[in-house]
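# Structural description and commentary
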Amino acid sequence: RKVTVKSANGAKSLSMNIGSFQAVKNGAETVTLDVAPAIKNDRTYLPIRAIGEALGAYIDWNANTRAVIIND
């Protein structure tokens, strides 16, 4: 299965295949993912850091609140 994530204005994208460590950024650049997208118990899990970076966002982790922070 293929999953594509696009920025809100559609200018940037990241396409990934479930189980693959390779993704395609903006339809042209191949990037290697640290974690492959997966489906477990009917839920799709995606590597949020790779998505954020491909779309130009900054991703951070707050250990105290156990929250992912995404800033553009």
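Now for a quick tour of the structure. All of these numbers come straight from a predicted model, not from anything done at the bench.

With that settled, consider the sheet that holds strand E1 (residues 2-6). Across the sheet, which stays open at both edges, the four strands sit in the order E1-E2-E3-E4 with antiparallel pairing between neighbours. At either margin of the open sheet sits one strand with a lone partner, and together these are E1 and strand E4 (29-32). Taken over all neighbouring pairs, the strand axes of this sheet differ in orientation by 25 degrees on average, direction set aside.

We now examine the side chain of Ser-15. Locating Ser-15 in the fold gives a position in strand E2 (residues 13-17). We classify Ser-15 as buried; its relative accessible area is 16%. A polar atom in the side chain of Ser-15 sits 3.0 Å from the side chain of Thr-4. In this structure Ser-15 touches Lys-2, Val-3, Thr-4, Ala-23 and Val-24, once residues within four positions along its chain are discounted.

Let us now look at the side chain of Ser-13. For Ser-13, the position within the fold is in strand E2. Apart from residues lying up to four places away in sequence, Ser-13 is in contact with Thr-4, Val-5, Lys-6, Val-24, Lys-25, Asn-26, Gly-27 and Leu-55.

Parameters and conventions
Counting starts from 1 at the beginning of each chain's written sequence and moves along it residue by residue. The predicted nature of this model means local features are confined to residues of pLDDT at least 70 and side-chain atom pairs, given and counted, to a pLDDT of 80 or more, with totals for whole chains, interfaces and linings taken over all residues. Working from all heavy atoms in the structure, the side-chain values ignore hydrogens and water. Note on pairing: DSSP must find at least two bridges between two strands before they are called paired. Note on conventions: DSSP H or I runs of at least 4 residues are helices, E runs of at least 2 residues are strands, and numbering of each starts at the N terminus. Axis geometry follows a simple rule: fit a line to the C-alpha atoms, using only the stretch in contact for helices, then measure angles between N-to-C directions, giving values from 0 to 180 degrees. Accessible area is worked out with a 1.4 Å probe on protein chains only. A residue is then buried under 20% of its type maximum, exposed over 50%, and partly exposed in between. Think of a polar contact as two N or O atoms within 3.5 Å of one another; within protein, one of them needs to be a possible hydrogen donor and the other a possible acceptor, and neighboring residues in sequence only count if both atoms come from side chains. It only takes one pair of heavy atoms within 4.5 Å for two residues to be counted as in contact.

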